[in-house]
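# Topology and contacts: notes
Residue strings, one per chain:
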Amino acid sequence: MLLQLHNVFKWVNSGGQRIFLLKDINLQVQQGEFISIMGPSGSGKSTLLNVIGMLDGFDEGEYQFLDESVHNLKEKHRANLYKEYIGFVFQSYHLLDELTVKENLEMPLLYKKFKGSERKAMVADMLDRFNIVGKKDLFPAQLSGGQQQLVGIARALISNPKLILADEPTGNLNSKQGEEIMGLFKQLNEEGVTIIQVTHSEKNADYGSRIINLLDGRMI
Amino acid sequence: MFRNYIRIAWRNLLKRKVFTAINILGLAIGFGSSILIYLFLSYHLSFDQFHNNPDRIYRMVTEEHRDLIDYEASVPPAFSKAFRENYEYAEKVAKVVVQYGSIIDTETNGDIRKFKEDVAFIEEDFFKIFNFPLLDGSNNISLSEPNTAVITEEFAEKMFGSTLVVGKTFVLENDKAIKITGVLQNLPSTTFLKEQIFVSFVNLEDFFEFAASESWGGITSNLQCYSLLKPNQNVESIEDALLALPKEHRPDSKNKHVYKLQPLSDMHFNPLYGGIDPVLLWVFGIIGAFLLAIACINFINISTAQAFYRSKEIGVRKVLGSFKAHLFWQFLSETFVISLFAVMLGILFAALFLPSLNNLFELELSIQSLLTIEFFGFLLLVLASVAFLSGSYPGILMSRIVPVLALKGKLSHSDTGGNTTRKVLVVAQFAISIALIAATLIISRQIEYATNSDLGFDKESIVMVEVPVDLEPIQYEALKDRLQRIPNVENITFCLSSPGGSENNWGTSIKYNNRPENEEFSIQAKIGDEHFIETFDLTLVAGRNFFKSDSITEVVVNEKFGEKVGVTSPDELLGKTIEVNGASIKATIVGVVGDFHDVSFAEEIQPAFIAGNPNWYGEIGLKINRVNTKETLEKIEQHWSEAFSGYIFDYRFLDERVADEYEAEQRYLSLSKVFSALAILIGCLGLYGLILFFVGLRTKEIGIRKVLGSNVANILALFTMDFFKLILIAGILATPIAWYLMEQWLQGYAYRTEIHWWIFALAIVSIMVITLITISYQTLKVAVTSPVKSLRTE
Ligand SMILES: Nc1ncnc2c1ncn2[C@@H]1O[C@H](COP(=O)(O)OP(=O)(O)O)[C@@H](O)[C@H]1O
Ligand SMILES: [Mg+2]
């Protein structure tokens, strides 16, 4: 088992009232799964994904990631954990505008103790694999949306994560670009990477092996 | 890693060109001023550091205890010999007497040239105490023979156009032929010694008998006495032993001498004995630090404001594995890159403005003198501390940004933090500017007050010319006659010195109305003929002017004198006798004049008497009508040169001379003007950056406000009110501090202006106006933009 959420609640206090963002979430994810989270806008999909990605905390319940109890970990430990095992893909790509494609890919490696030559090799590998060698010296603004998301995924993959979390990765793309990205996810999943994605589209959800539906912070 | 930081830093800087430019420019001005201030300070701190045993060299000085204590950087003429021969403390003792403006003639191949120079008469050991070597590097200088001299390389060039001048002669004061026996290497600018010509002490008696004598009777400021003590001497016990000297040699004097040893290192920094005021150096250093601080504040403010725009980048970096420390160092390297550019630009600024600094302080500092290890150490230190001070706070703020919020784009401007800090820092900037403006106003008011107040005498349209040698009374009459006949000359007086801006002050003992003892105070002798009072337009308040006479039998005193001897009505003084300068003058008081400011406003008016004595005339004062001034001056010169052939004509207007008394104040004024201008300039750069940011932040809000009916003025007020509040707070903080400090400064003046609250109000209002001007361009730009445009960007 890769991760397990057990009776997880998350809330905010607003005007003396407790507003629940997540209610009693129970979820088990095995290695190699491809899960799609669906639900209307505001139902808590992003919140759930951020909790899984350890970017955000929760108020009650337990969270087991590999052998670690995430709810008991210190902030710094938690950060180390997600930095090692999890890659993030965002709807709006979040590439750094002032870095080239190559540098964007290299960036996560800089924060881990890789040598310059190793970094070069890993970046070259990724550029090859995603077929973007020709774009390596361009800046994000010079790429189409689909190409940017490709770089975003390549960046998420470069440090070999066990889990990829993607929040509406095709939300800003046209349908053809979207299909390409989903095809890529499918392929990565077949190579053994666990994927959890948030999506609005039934068609995208079908690429996955399991669908989780959220409504008002509750799994239905 | 570090290369990566720098590369990204570089791109970030290019991307935000305006902010980068503001930061670099502000810091560069700060650095430039610091470099100049460093130059200035290191110049002063290096004074007389090059002698062989600087810690054993002392100047002998005197405290004159009367009703007040006077500090004289001199000792009686007999002191030198006594200290050398009757005491065991010193290895070497030497006195120096300077004759200012001596006439020197040289002849090279029949070409006769005249110079007016300060000449030092020195006792032999002078060059054994101090390290002023000859051209060959030795100090083999003997001036024991009369009519010998050494001169500096520079002056040799000036006199003869060559440094091969050993054996040549010059004529001193149209009288003595003096032979040059050596040429000294040029004196460094960082020494107390300013003279270029050094003549055997034996010759002094022909020119200044008193200083050449072995007298304990008084002190002349032309004389200085130096000593190289034997190793391991206790200065205090020497000073104790010296207490015996006045007891033995001047037992009856009301002017009690106490002789002190002033260390060489103290000479340049002790204002009591004519040194510069070390407070000035402190003020300089602190102001340099302030300017840098203001530039750092700009930097911090702009960067923390920027943190909002950069929150996405920071969020991404954190999610992708960056630790806080990474972000912190990344930001610090950006700061470092900016500071590095600023330093380079700062050095350029310093080089550009060095000539003005030199001009202001009459210095010859050079930018080359910066090529020292110390300077690079200083630069590195300043660079590192500026980069760290201005980089670390924004660095911490940015590294604290919470990634989820940043990525959601949900961070509001206040979440990125630094709002309060920013306000505090802006207040600090404003406060510094307000204090500097207030200081400038107060200094200029004091100068204005000192130069434009009624000084008790007339200083307008009075030309002062020198009397270089004593004339017979009959010659004076003849000269006066001729001068009188020049059309625009209205009044003429021969005198020792003019009132105000005097060069020849002479204070001496006084016995009043046959009292048994001399008075506790000393009296200023204003020696002048019977036209003195009329020419300088002093006011007679009682009695009459003295009549012309061959010797002093009648005097006029000032009101202050009456006050000092305890007489309330000037009329009571009339008919009383006074004895001045021992009993050398005995005379009857026939008149009393109103007080006049004989010295600068820093000092109290002193008791004085006016009497005529042709033996002591040093100057001629001519009241002229200012039409055809040039022609009048030419005529004066013509008659003067006939009477004093062989001398060089020189004149000075009395009002200029009075203004010169305030040279130091004028410098303070120029400096405080420059510093306030710089502080305001850097501050404005920062304001401009901030307003650019705020306007960007609130474009949409402004659009909405306009749709809802706001006009341009409302919107301008929206932005300015925030700043005005900060300025008011800054004013409230700055006022008491600046008030206190300037009050301290004014305490140094016996006659001074008062500080008024409106000075500070004026400073605050001017900062408000400057702020309004700075921010209105950007604000007006958005305020007049069509709201549709700013809202459409959403
Ligand atoms: N920190 C927060 N404070 C208050 N409300 C929040 C916070 N984060 C999210 N929400 C609210 O929780 C709900 C779920 O948000 P989200 O997870 O972003 O929904 P979605 O399913 O559209 O991704 C929304 O109504 C959102 O406004
Ligand atoms: Mg969402």
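The structure presented is a predicted model; accordingly, all values stated were derived computationally and were not measured.

Turning next to the overall build of chain A. Counting its secondary structure elements, chain A contains 7 helices and 10 strands. Relative to a compact globule of 220 residues, whose C-alpha radius of gyration would be 17 Å, chain A shows 18 Å and is just as compact. Projected onto the principal axes, the alpha-carbon positions of chain A cover approximately 55 × 40 × 35 Å. For chain A, the residues scored as buried account for 51% of the 220 residues in total. When contacts within chain A are restricted to residue pairs at least 6 apart in sequence, those whose partners lie at least 24 apart make up 72%. In the structure as shown, chain A presents an accessible area of about 10200 Å², 45% of it carried by carbon and sulfur atoms. For chain A, the centre of its 24 positive side-chain charges and the centre of its 27 negative side-chain charges are spaced 4 Å apart.

What surrounds ligand 1 is the set V12, L21, P40, S41, G42, S43, G44, K45, S46 and T47 of chain A together with K408 of chain B. Residues close to ligand 1 are split across chains A and B. Residue S43 of chain A places a main-chain N or O atom 3.2 Å away from an oxygen atom belonging to ligand 1. Measuring from an oxygen atom of ligand 1, one finds a backbone N or O atom of G44 of chain A at 3.0 Å.

This part covers the pairing of strand β2 (residues 69-72) of chain B. Residues and elements named next belong to chain B. Pairing analysis gives 4 bridges linking strand β1 (residues 57-65) to β2, with the strands arranged antiparallel. Within β2, the residue paired with E63 across the bridge is Y71. Between β1 and β2, which pair antiparallel in sequence order, lie 3 residues.

Bringing the interface of chain A and chain B into the picture now. At the interface, 23 residues of chain A touch 22 residues of chain B. With both sides pooled, the region where chain A packs onto chain B buries about 2300 Å², and carbon together with sulfur makes up 61% of that total. Of all residues in chain A, the largest losses of buried area upon contact with chain B belong to H94, E98 and Y111 of chain A, amounting jointly to 32% of the total for that side. In this structure, the connection of chain A to chain B is made through 1 salt bridge.

What follows covers the sheet that holds strand β21 (residues 619-624) of chain B. All names here are of chain B. Taken in spatial order, the 4 strands line up as β12-β21-β11-β22 in an open sheet, and their pairing is antiparallel. Single-partner strands in this sheet number two, and they are β12 (489-495) and β22 (651-653). With strand direction ignored, the average angle separating the axes of adjacent strands in the sheet is 25°. Across 6 bridges, the pairing between β12 and β21 is antiparallel. In the strand pairing of β21, V489 is matched with I624. With respect to the sheet, helix α20 (residues 629-643) is in contact with β11 (462-466), β12, β21 and β22, its orientation differing from that of β21 by roughly 150°.

All names here are of chain A. Contact geometry for helix α3 (residues 101-110) and helix α4 (residues 116-129): axes closest at 10 Å, N-to-C directions at 130°. Here α3 is positioned oblique relative to α4, judged by the angle of their axes. For the pair α3 and α4, the crossing hand works out as right-handed. On α4, the residues touching V101, K102, L105, E106, L109 and L110 of α3 are R119, M122, V123, M126 and L127. Of the residues belonging to the contact of α3 with α4, the class tally is 8 nonpolar, no polar and 3 charged.

Here we take up the packing of aromatic side chains. Residue and element names in this part refer to chain B. Enumeration over the complete set of coordinates arrives at 58 aromatic pairs over all chains. For the pair F115 and F155, a centre-to-centre distance of 5.9 Å together with 65° between the ring planes defines the contact as edge-to-face. Taken together, the positions of F115 in strand β4 (residues 111-122) and F155 in helix α5 (residues 153-160) put the pair 40 residues apart, joining distant regions of the chain. On the accessibility criterion, F115 (9% relative accessible area) is buried. Classification of F155 by relative accessible area gives buried; the value is 1%. Taken together through their ring pairs, the aromatic side chains of F50, F126, F127, F130, F132, F192, F198 and Y226 make up a single cluster. Just above the ring of F653 sits the side chain of R626; from NZ or CZ to the centre is 4.2 Å.

Residues and elements named next belong to chain B. On the surface, W10, L14, F336, L340, F341 and M344 cluster together into a nonpolar patch covering about 550 Å² of accessible area. Here the nonpolar patch gets 4 residues from one element, more than from any other, and that element is helix α12 (residues 324-361). Positionally, L14 belongs in helix α1 (residues 2-15). Residue classification places L14 among the partly exposed residues on the basis of a relative accessible area of 42%.

Residues annotated by UniProt as "domain: ABC transporter" (unreviewed entry) correspond here to residues 3-220 of chain A. Along residues 3-220 of chain A, the helical share is 35% and the strand share 28%, with 20 Å between the first and last C-alpha atoms.

In this structure's numbering, the residues bearing the UniProt feature "domain: ABC3 transporter permease C-terminal" (unreviewed entry) are residues 286-401 and 674-784 of chain B. Measuring from the first to the last C-alpha atom of residues 286-401 of chain B gives 35 Å, for a span that is 84% helix and 0% strand.

What the rule picks out here adds up to 42 salt bridges over all chains. Close ionic contact of E33 of chain A with R210 of chain A constitutes a salt bridge, the shortest N to O distance being 2.9 Å. Placement of the pair is E33 of chain A in the loop between β2 (17-29) and β3 (34-38) and R210 of chain A in strand β9 (residues 210-215), with a sequence separation of 177 residues. D598 of chain B is the partner of K526 of chain B in a salt bridge, and the nearest nitrogen-oxygen pair spans 3.0 Å.

Turning next to the packing of helix α10 (residues 278-309) of chain B against α12 of chain B. Residue and element names in this part refer to chain B. Following both chains from N to C, one finds α10 and α12 inclined at 145°, their axes separated by 13 Å at the closest point. Where α10 crosses over α12, the handedness of that crossing is right-handed. Taken together, the residues of α12 that come into contact with α10 (itself represented by F284, F299 and S303) are F331, T335, I338 and F361. Class assignment for the residues of the contact of α10 with α12 results in 5 nonpolar, 2 polar and no charged.

Residue and element names in this part refer to chain B. Under the feature "transmembrane region" (unreviewed entry), the UniProt entry names residues 21-41, 279-302, 327-355, 375-403, 424-443, 674-695, 715-740 and 755-777. In residues 279-302, helix accounts for 100% and strand for 0%; the two terminal C-alpha atoms are 34 Å from one another. A distance of 29 Å separates the end C-alpha atoms of residues 424-443, which is 100% helix and 0% strand.

In this section: the side chain of Q778 of chain B. Residue and element names in this part refer to chain B. Summarising the element assignment, Q778 is placed in helix α25 (residues 757-784). Note on Q778: relative accessible area 8%, which makes it buried. In this structure Q778 touches Y688, I691, L692 and V695, once residues within four positions along its chain are discounted.

Before going further, it helps to spend a moment on the nonpolar core. As a rule of thumb, soluble globular proteins bury nonpolar side chains together. All names here are of chain B. Among the nonpolar cores identified, the biggest contains 128 residues, and L27, F31, F284, F430, F536 and L538 are the most heavily contacted of them. At 15 residues, helix α2 (residues 17-45) tops the list of elements feeding residues into this core. Among residues more than four places away in sequence, those in contact with F284 are I37, F40, L41, F361, L671 and F675. The next biggest cluster of nonpolar side chains, apart from the first, holds 46 residues, and it includes V463, L479, Y512 and I552.

Right, let's talk about the pairing of strand β18 (residues 577-580) of chain B for a bit. All names here are of chain B. As defined by bridge partners, strand β14 (residues 510-512) adjoins β18 across 3 bridges and the pair is classed as antiparallel. Bridge pairing in β18 places Y512 opposite I578. Linking β18 back to strand β19 (residues 585-593) in an antiparallel pair, the connection comprises 4 residues, with N581 at a positive phi of about 55°.

The subject of this paragraph is unusual backbone geometry. With the exception of glycine, the majority of residues adopt a negative phi angle, and the majority of peptide bonds are in the trans configuration. Residues and elements named next belong to chain B. Although it is not a glycine, N232 sits at a positive phi angle of roughly 55°. Relative to the elements of secondary structure, N232 occurs in the loop between β9 (223-229) and α7 (235-242). By relative accessible area, N232 is classed as exposed at 80%. Look at N513: it is not a glycine, yet its phi comes out positive at around 50°.

Cut-off values and rules
- Residues numbered from 1 in each chain as written.
- Chains lettered and ligands numbered in written order.
- Predicted model: local features only at pLDDT ≥ 70, side-chain atom pairs only at ≥ 80, totals over all residues.
- Heavy atoms only, no water.
- Helix = DSSP H or I, 4+ residues; strand = E, 2+ residues; numbered from the N terminus.
- Rg over C-alpha atoms; globule rule 2.2 N^0.38 Å.
- Buried < 20%, exposed > 50% of the residue type's maximum accessible area, 1.4 Å probe, protein only.
- Contact = heavy atoms within 4.5 Å.
- Areas by Shrake-Rupley, 256 points an atom, 1.4 Å probe, with all protein chains shown as cover.
- Lys, Arg positive; Asp, Glu negative; His and termini not counted.
- Charge placed at Lys NZ, Arg CZ, Asp CG, Glu CD.
- Near = heavy atom within 4 Å.
- Polar contact = N/O pair within 3.5 Å; in protein donor to acceptor, adjacent residues only side chain to side chain.
- Pairing = 2+ DSSP bridges.
- Buried area = accessible area lost by both parts, 1.4 Å probe.
- Salt bridge = Lys/Arg side-chain N within 4 Å of Asp/Glu carboxyl O.
- Axes fitted to C-alpha atoms, helices over the stretch in contact; angles between N-to-C directions.
- Parallel < 35°, antiparallel > 145°, perpendicular 65-115°, else oblique.
- Left-handed = near helix turned anticlockwise from the far one by under 90°.
- Nonpolar A, V, L, I, M, F, W, Y, C, P; charged D, E, K, R; others polar.
- Phe/Tyr/Trp six-rings, centres within 6.5 Å; stacked < 30°, edge-to-face > 60°.
- Lys NZ or Arg CZ within 6 Å of the ring centre and 35° of its normal.
- Patch = residues over 30% accessible without salt bridge, like charges linked within 9 Å, V, L, I, M, F, W, Y side chains within 5 Å.
- UniProt positions renumbered as here; feature names shortened; annotations may be inferred.
- Core = buried A, V, L, I, M, F, W, Y, C linked by side-chain atoms within 4.5 Å.

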